[in-house]
Amino acid sequence: MSERHLQPLLHELVGAVHAPTSALGDAAGQIRPNGVQGVFHADARVLSRAELRIDDREAEALTRGPAGPHGVRFVSLARWLGDPTPDPTVRIDRTRQAGPHGLTEELVVSSTASVPVRATVSVDLGCDLAPIELVKSGGTGSPLEAKAGEPGRVEWAAEGVTVTVTGEAATVDATGDRTTTPRLSWPVALAPGEGVTLRWRLAVTDPKAVVAAPPAGPEWSAPEVRADDRRLVRLLHRSLADLRGLRLADPAHPGDVFLGAGVPWFLTLFGRDSLWAARMMLPLGTELAAGTLRVLARRQGTRVDPATGEAPGKILHELRRHEFTLADDGLRLPPAYYGTVDATMLWVGLLHDAWRWGLPAEQVEPLLPHLEAALGWLGEHADADGDGFVEYVDTTGHGLANQGWKDSGDAVRFRDGRLAEPPIVLAEVQGYAYQAAVNGADLLDAFGRPGGDRWRGYADRLAERFRGAFWVDGRYGPQPALALDRDKRPVDSLTSNIGHLLGTGLLSDAESAQVAALLSTEALAGGFGLRTMSTDDAGFSPLSYHCGSIWAHDTAIVLGGLARAGYRDAALRLADGLLGAAEAFDYRLPELYGGDDRGTLGRPVPYPAACRPQAWSAAAAVLLLQAGVGLYPDVPGGRVELRPLAGPELGALAADNLRVAGSPVTVEVDRTGHPTVTGLPTTLTVTPRIPTPRPAADPTRSPA
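Residues numbered from 1 in each chain as written. Predicted model: local features only at pLDDT ≥ 70, side-chain atom pairs only at ≥ 80, totals over all residues. Heavy atoms only, no water.

### Considerations on the side chain of D554
(1) Moving on: Inspection of the secondary structure assignment puts D554 in helix 12 (residues 552–565).
(2) Moving on: For the buried D554, no salt bridge is present, and the opposite-charge side chain at shortest range is K406, 5.1 Å distant.
(3) Moving on: A distance of 2.6 Å separates the side chain of D554 from the side chain of H500, its partner in a polar contact.
(4) Moving on: Leave out the neighbours within four places in its chain, and D554 touches W405, S496, H500, L530 and T532. (Helix = DSSP H or I, 4+ residues; strand = E, 2+ residues; numbered from the N terminus. Buried < 20%, exposed > 50% of the residue type's maximum accessible area, 1.4 Å probe, protein only. Lys, Arg positive; Asp, Glu negative; His and termini not counted. Salt bridge = Lys/Arg side-chain N within 4 Å of Asp/Glu carboxyl O. Polar contact = N/O pair within 3.5 Å; in protein donor to acceptor, adjacent residues only side chain to side chain. Contact = heavy atoms within 4.5 Å.)

Here it is, written out as structure tokens:
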């Protein structure tokens, strides 16, 4: 039987990130030559081993914790040294700090022993320069031979990348058997009560990298949050630290900053991920949104190319330094790949929302030709068969079979578990298309450009077609199907996708109430957040990537839509699930986690290959804060709405240093749910809306 190549597990590894560099090691702080452990820089593993030993023995791990936004500290013991007592007397503090071009480690060996301590501290190193896709598919690279140079220095070079490790005052052994596992070593002699600090650093020179570290930052404000529910404060603090580490820039335009999708697999430009994350971050300013929009606009499609999925006006899916190949999956993606059905509409949505939050006109206007091109793609290339819906199909045989945000091969399933055949028409994508058409029309009108009426007409026709084709009878009454398959049959599973329709304008009020009711069922909302597929569907598995797991960003997007529409109970349930998951994961929300019932273990089950940190998971904390304070500005319209989720159930909530039209704003919501806002520009009028909570519909009744 042939050996299966399995994607390495991540859930127990400890990461540090300062994009484009990230490091993953075990809970003891060791970086071992197996799985996905290593130091990565812009899609290449630049260090595959960094194992610390004391007298050729591994210290015993004690604990670990964060060391600033880019670092982690590990504490271990060398109990064979020092006094022969039950109390440990020799301790090692290992602090790892990621930097944009490498990392540093500081090793502090301290003794409280009553006798002198002598030992040799060493770090064994290795480098394979394995591409990230080889590591992701369970493969390994061949160890490279190291070259010793100046005292305390060792170097590897291949494929235009140079990797250098320097140990201050260290001895290097890179000869004989150690040409592929060079060792740094330091002799240590400690008097009673003394300590010593040892340091080594890794530097990477990578001129071919397609992403770079920004010159300064971050591009958003640092809010001060006070909350009765302290979980939200802790989640926001950790999430903003992680987002600082995920900042990237285009090397040719370093001032335009965007967020890399996640560590370790996706630390590069991803259209959908970077757009959603920037959209969630708008309450902290528009600078990140502007940078993301410009970076993607420069790579907007200009021609029809089936090999890459490019089409005029289309927004990029992902960017790599070379072809991304997963041999076992048959996946082979070109370096610049456009296989996404939704990123183009999401680009329009981000431009519109940034404008509503106060992106200056002088930054909006240069992007209007790209807006018109994006709308042109929607009208001319997004509907290949002319049925009036936006659809996708991979014509190459080696691209992504599914091209919505649920892009795994088995993500689109009927209620009985059968896979849908492409072309696929996804439900939420029609909502994005409707919203992009209306938002685009508003921008065209506001800036005196033609076409607004055309796109409003497009939206009206799409809503009518959707109403006729997508609604099906389900276990809980009428529901929007997940998708239409190649024969235009509704794919009748109940999934989280329908939650993305809220707030797009595609649904009537009665339909929105029915969707809110469906999202509140135990089958979808019974875990720590919103399940991607209901427990009633045959394809459900709590650890399926897209058919039963829970994604933080998905949950946050849906609870945000529920909160703004007034469905408090449904939104609060999802918010509590998300905060419970945050607490379980030390407030660093992973890409996804298991969709088990809350009562199964009392905590979420990790998804073992989830990225952590992940940009849109971390940015979900800001969207949760926005829903809590209920701040919804329309700067061009001269108004701000307040619809807080905070109040009797969530508790009081206040946030200083939010940003509206560049001005620092404070929003406070008391325990009764009453909001106040200060600091708004004088051109804006506040329209508080604290309606009686809207009940979700009876899920067994048809929407009117």
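### A short note on the pairing of strand 17 (residues 224–227)
(1) Moving on: Going residue by residue along strand 17, you find V225 and A227 tucked away on one face and E224 and R226 left uncovered on the opposite face.
(2) Moving on: Sheet topology note: the strand 17/strand 33 (residues 653–660) ladder contains 4 bridges and is antiparallel. Bridge pairing in strand 33 places A227 opposite L653. (Pairing = 2+ DSSP bridges.)

### Considerations on helix 7 (residues 368–380)
(1) Moving on: Compared with the 18 Å implied by 1.5 Å per residue over 13 residues, the 18 Å span of helix 7 between its first and last C-alpha is a close match.
(2) Moving on: Every buried residue of helix 7 is accounted for by L368, L371, A374, L375, G376, W377 and L378.
(3) Moving on: Where helix 7 is buried, its residues meet helix 5 (343–357), helix 6 (361–364), helix 8 (427–446) and helix 9 (452–469). (Expected span 1.5 Å × (residues − 1).)

### A word on the nonpolar core
(1) Moving on: With 171 residues, the main nonpolar core has W347, L378, V390, V412 and L562 as its most contacted residues.
(2) Moving on: The element best represented in this core is helix 15 (residues 615–629), accounting for 12 residues.
(3) Moving on: Discounting residues that sit within four places of it in the chain, L562 has contacts with L502, A516, L519, Y567, A570, A571 and L574. (Core = buried A, V, L, I, M, F, W, Y, C linked by side-chain atoms within 4.5 Å.)

### What to know about unusual backbone geometry
Leaving glycine aside, a negative phi is the common case for residues, and trans is the common case for peptide bonds.
(1) Moving on: Cis geometry marks the peptide bond from V263 to P264, where omega comes out at 0°.
(2) Moving on: The residue P264 is located in the loop between strand 19 (253–259) and helix 3 (271–280) in this model.
(3) Moving on: Residue P423 follows P422 across a cis peptide bond; omega there is 0°.
(4) Moving on: Its place among the elements puts P423 in the loop between helix 7 and strand 24 (425–426).
(5) Moving on: The residue D586 is not glycine, and still its phi comes out positive at about 55°.
(6) Moving on: Accessibility expressed as a relative area gives 53% for D586, which makes it exposed.
(7) Moving on: In this structure, N657 takes a positive phi of about 70° despite not being glycine.
(8) Moving on: Mapped onto the secondary structure, N657 falls in strand 33.

### Topic: empty space enclosed by the protein
(1) Moving on: Applying the stated rule across the entire model yields 5 cavities of 30 Å³ or more.
(2) Moving on: Here the largest cavity defines a volume of roughly 90 Å³.
(3) Moving on: Lining the largest cavity are A28, Q30, L52, E58, A59, F74, S76 and R94.
(4) Moving on: Across the lining of the largest cavity, the residue classes tally to 4 nonpolar, 2 polar and 2 charged.
(5) Moving on: Of the pockets and cavities examined, the second largest cavity occupies roughly 60 Å³.
(6) Moving on: The wall of the second largest cavity is formed by P20, S22, F40, H41, A42, D43, I132, P264 and L267.
(7) Moving on: Residue classes in the lining of the second largest cavity are distributed as 6 nonpolar, 2 polar and 1 charged. (1 Å grid on protein atoms, 1.4 Å probe; cavity = no way out; pocket = protein on both sides within 12 Å on 5 of 7 lines; lining within 4 Å. Points joined across faces, edges and corners; volume = space filled by probe spheres on them. Nonpolar A, V, L, I, M, F, W, Y, C, P; charged D, E, K, R; others polar.)

### Quick look at the pattern of salt bridges
(1) Moving on: All chains considered together, the criterion is met by 57 salt bridges.
(2) Moving on: K488 is paired through a salt bridge with D387; the nearest N and O atoms lie 2.7 Å apart. Taken together, the residues span a long stretch of sequence, with K488 in the loop between strand 27 (483–484) and strand 28 (490–491) and D387 in the loop between helix 7 and strand 24 at a distance of 101 residues.
(3) Moving on: Taking the shortest distance from any N to any O, the salt bridge between D634 and R639 comes out at 3.0 Å.
(4) Moving on: Take R639: its relative accessible area is 39%, and that puts it in the partly exposed class.
(5) Moving on: Through salt bridges with shared partners, a single network forms among D26, R32, R49, E51, R53, D56, E58, D124, R178 and R183.

### A few points about the sheet that holds strand 35 (residues 675–678)
(1) Moving on: The sheet built from 4 strands is open, its strands ordered 17-33-34-35 with antiparallel pairing. The sheet is open, and its two edges are formed by strand 17 and strand 35, each paired on a single side. Taking the axes of each pair of neighbouring strands and ignoring which way they run, one obtains an average angle of 20° across the sheet.
(2) Moving on: Sheet strands touched by helix 15: strand 17, strand 33 and strand 34 (663–669). Its angle to strand 33, the strand with the most contacts, is close to 110°. (Axes fitted to C-alpha atoms, helices over the stretch in contact; angles between N-to-C directions.)

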